[in-house]
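Secondary and tertiary structure notes
Next come the chains, spelled out residue by residue.
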Amino acid sequence: MRRRPSSTDARDVYAGHLRTMAHYQDMVGLDPALPSSARRHLARLEAGEAMVTRGSDIDVTPPNADFCLESDGTVTPVEAVYVDPAAAVRTVLNYRRPDGTMVYPERT
């Protein structure tokens, strides 16, 4: 399994990205009664859960690839197991790490 060394730098970068997105969603007048997706992701990240994100969100190359921010701070490349071809925005049901274990996206 390939892991990129990183301590918690990638998690900190992604947390900063999520805070920016949450602030933007507040500025455009998102209903405050509904938690924004950025706030839900930030809560999961701060709870130490594994998060799947794009390389561009955490300053890792390639920027279009998907990576898993592990709870120990390492960054693992992942591949989408199923992508819905009819979705307007790429919707991924689950991810597989190189060692075969699964990472699941946010549960609603």
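Just so it is clear, the model here is predicted, and its values are computed rather than measured.

By the element assignment, Pro63 lies in the loop between β1 (51–54) and β2 (66–69). Since its relative accessible area comes to 41%, Pro63 is described here as partly exposed.

So, about unusual backbone geometry. That bond from Thr61 to Pro62 is cis: its omega, 0 degrees, falls within 30 degrees of zero. Tracing the backbone through its elements, the reader meets Pro62 in the loop between β1 and β2.

The next thing to look at is the pattern of salt bridges. In this structure the tally under the stated criterion is five salt bridges. In this structure, Arg19 engages Glu46 in a salt bridge whose closest nitrogen and oxygen atoms are separated by 3.2 Å. One end of the pair, Arg19, is in helix α1 (residues 9–27); the other, Glu46, is in helix α2 (residues 37–46), with 27 residues separating them in the sequence. The exposure class of Glu46 is exposed, given its relative accessible area of 55%.

Another aspect to go through is the sheet that holds β1. The strand order across the open sheet formed by five strands is β1-β2-β3-β4-β5, and the pairing between neighbours is antiparallel. Of all the strands in the sheet, the pair left with one neighbour each is β1 and β5 (102–103). Examined bridge by bridge, β1 and β2 share four bridges and lie antiparallel to one another. When the bridges of β2 are listed, Arg54 appears paired with Asp66.

Every buried residue of α2 is listed here: Ala38, His41, Leu42, Arg44 and Leu45. The buried residues of α2 all sit within an arc of 160 degrees when viewed along its axis, so they share a single face. Taken together, the buried residues of α2 touch α1, β1 and β2. Directly beyond the C-terminal end of α2, a positive phi value near 90 degrees is found at Gly48.

Where β2 meets strand β3 (residues 75–80), four bridges bridge the pair, whose relative direction is antiparallel. Note on β3: the bridge partner recorded for Leu69 is Val75. Bridging between β3 and strand β4 (residues 95–96) involves two bridges; their strand directions are antiparallel. The residue bridging Glu79 from the neighbouring strand is Arg96, located in β4.

Conventions and cut-offs
- Residues numbered from 1 in each chain as written.
- Predicted model: local features only at pLDDT ≥ 70, side-chain atom pairs only at ≥ 80, totals over all residues.
- Heavy atoms only, no water.
- Helix = DSSP H or I, 4+ residues; strand = E, 2+ residues; numbered from the N terminus.
- Buried < 20%, exposed > 50% of the residue type's maximum accessible area, 1.4 Å probe, protein only.
- Salt bridge = Lys/Arg side-chain N within 4 Å of Asp/Glu carboxyl O.
- Pairing = 2+ DSSP bridges.
- Arc of directions from axis to C-beta.
- Contact = heavy atoms within 4.5 Å.

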